[in-house]
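Below are the chains, spelled out letter by letter.
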Amino acid sequence: MSYTLKDIAKKAGVSVSTVSRTLHDHYSISEQTKQKVRKVMEEMGYTDANRLEVRSIGVIFPKTDQDSLENPFYLESVQGIGKICLQQNFRIHLITGSSDAELEAAIKISHAQGYIFLYSENSKHLITTMQKHKIPFVIIGKPSHSNNTSLYVDTDNVEAGKVATQYLLNYRHKRIGFIGAGSDAIFSIERKVGYMQALLQEQIESRPEYIFDTFEKEALLALMKNPEHPTGWVCCDDLIALKLEHLCHPCHLQIPEDISVIAFNHSLIGNQSIPPLTTIDIHAQQLGMEAANQLIKHIDNPYLFATKIIVPFSIIERESVKKPR
C-alpha cells in the first residue's frame, strides 16, 4: 500500500515538511524526531520499494502573450522556485494559457497542493476560485484586490521608482521621462508614483508629455525628435529600455551621450545591450524562493495568517547613464 506524506505526518504527530525532511535525512530534524517518524513508516509498512506521494506546486504564468514568454523575469523567478521545491521534495507544474478558462483547466489537471502566481494584475477570477475552494496560493507582486487576505511577496516599487529617478537627478538630469509596463500593472503604477515623488522632492514639475503608461512607439518617436526631449528615461523593464534604444537610431540620438536610461530587472539582455543598461535589480530569483518558501509553510500549516514579504532591491551601475565631467 502507498501512503502520502500527510498520512505519515498525521500518525507521527508532526508536520508534512518534517516527514519530507526525514526522508532526506535533513540536518534540521533532530535524531529523536527522525526515529519517531521512521518508526511510524515501519508500522505503516513503508519500505524503499514504496512510493510516497511527491507533492507539487503549480506556477501560473500570465495569460500568454509574446512579451510575457520572452521576459527573463519570469524564468528567473521560476529558477528560484525550483531551488526551494528541490530542497522540499516538491514537483513544479508550469501552467500557461491564453485565457482564464485555459488557465483554470490547466490548474484542475495539475492537482497541485498550492499555486504561485507570477503576476498580480488581471488574476481576480482565478484568485477568487482558489479562495472559495481554500487552495493555498501566493502572488509575486502586490494583489490588485484582497490585499489583507492574500499571501504575496513583492518589491517596494514606489521606493524603487524613486531611487531610479533620483539616480538620474544626481547626474544633473532635469528633463526625465517615464515609460511604464501597462496601465493595469500595479508594479508599474507604483514605480511611476516613486518617479513623481522624486521629481517633486527636487521641486521639478512632472510633465505629462514625458510620461507613458506603456511603450507607444509613434508618440515616443515624435517626442525624441523634439529638441525638448527628455535627457533621461526611467523604463519599467529592461525589455522596454531595449525598445527605446532601438528608437534612438532614426532620431540620431545615442545612449548615453544624448540620453541616459535606467531600467528594472537586471536581466541578461540588459547586460548584453549596447551600452549595457544601468538597472534596478529586484532580485527575481529571490522573489521566487520567498514565494515557494511561504507557500510550502501555508500548505503544511493551513491556518497561518496571510503575510507579505518585501524583498530588497539594489542598483546595478553600468554604462547607460552619462556621468558629468
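Basis of the calculations
- Residues numbered from 1 in each chain as written.
- Predicted model: local features only at pLDDT ≥ 70, side-chain atom pairs only at ≥ 80, totals over all residues.
- Heavy atoms only, no water.
- Axes fitted to C-alpha atoms, helices over the stretch in contact; angles between N-to-C directions.
- Helix = DSSP H or I, 4+ residues; strand = E, 2+ residues; numbered from the N terminus.
- Parallel < 35°, antiparallel > 145°, perpendicular 65-115°, else oblique.
- Contact = heavy atoms within 4.5 Å.
- Nonpolar A, V, L, I, M, F, W, Y, C, P; charged D, E, K, R; others polar.
- Buried < 20%, exposed > 50% of the residue type's maximum accessible area, 1.4 Å probe, protein only.
- Pairing = 2+ DSSP bridges.
- Left-handed = near helix turned anticlockwise from the far one by under 90°.
- Core = buried A, V, L, I, M, F, W, Y, C linked by side-chain atoms within 4.5 Å.
- Polar contact = N/O pair within 3.5 Å; in protein donor to acceptor, adjacent residues only side chain to side chain.

1. Quick notes on the packing of helix α1 (residues 5–12) against helix α2 (residues 16–23)
Contact geometry for α1 and α2: axes closest at 8 Å, N-to-C directions at 105°. Here α1 lies roughly perpendicular to α2, going by the angle between them. Contacts from L5, K6, I8 and A9 of α1 reach α2 at V16, V19, S20 and L23. When its residues are assigned to classes, the contact of α1 with α2 shows six nonpolar, one polar and one charged.

2. Quick look at unusual backbone geometry
Put simply, I255 and P256 share a cis peptide bond, and its omega is 5°. Turning to its location among the elements, P256 is positioned in the loop between α11 (238–248) and β9 (260–264). A cis amide bond links I274 with the next residue in sequence, P275, at an omega value of -5°. One can find P275 in the loop between α12 (268–272) and β10 (278–281). At K134, a position not held by glycine, the phi torsion is positive, near 55°. Mapped onto the elements of the fold, K134 is located in the loop between α7 (124–132) and β4 (137–140). On the accessibility criterion, K134 (73% relative accessible area) is exposed.

3. Section: the sheet that holds strand β11 (residues 308–310)
Reading across the sheet, the six strands line up as β2-β1-β3-β4-β5-β11 and stay open at both edges, with parallel pairing between neighbours. Strands at the two margins of the open sheet, each flanked by one partner only, are β2 (90–95) and β11. Averaged over all adjacent pairs, the angle separating strand axes in this sheet is 20°, with direction ignored. Sheet strands touched by helix α5 (residues 72–87): β1 (55–60), β2, β3 (114–117) and β4. Its angle to β2, the strand with the most contacts, is close to 160°.

4. Examining the pairing of strand β5 (residues 151–154)
Residue alternation in β5 divides its side chains into two sets, L151 and V153 and Y152 and D154, and both sets are buried. Bridge analysis of β4 against β5 gives three bridges, and the strand direction is parallel. Among the inter-strand pairings, I139 is bridged to a residue of β5, identified as Y152. In this sheet, β11 lies alongside β5 in parallel orientation, the contact comprising three bridges. Paired with Y152 across the strands is K308, a residue of β11.

5. Here's the deal with the packing of α1 against helix α3 (residues 31–43)
Between α1 and α3, the least distance of the axes is 9 Å, while the angle of their chain directions is 115°. As for how α1 packs across α3, the hand of that crossing is right-handed. Only K36, V37, V40, M41 and E43 of α3 make contact with α1, whose side of the interface consists of I8, K11 and A12. Split by residue class, the contact of α1 with α3 holds five nonpolar, no polar and three charged.

6. Re the nonpolar core
Core analysis: the largest hydrophobic core is formed by 64 residues, its most contacted members being I57, I116, L118, W233, V234, C235 and V261. Among the elements that make up this core, the one with the highest residue count is helix α13 (residues 284–300) (seven residues). If sequence neighbours within four positions are ignored, V234 has contacts with A164, T165, L168, I176, G177, F178, I179, Y195, I262 and F264. Within the second largest apolar cluster, 14 residues are counted, among which are A112, Y115, M130 and F137.

7. Remarks on the side chain of R55
Its place among the elements puts R55 in strand β1. Owing to a relative accessible area of 5%, R55 belongs among the buried residues under this scheme. At 2.8 Å, the side chain of R55 forms a polar contact with the side chain of D300. Among residues more than four places away in sequence, those in contact with R55 are L5, V16, S17, N89, F90, R91, Q113, I299 and D300.

In short, geometric facts, not functional conclusions.
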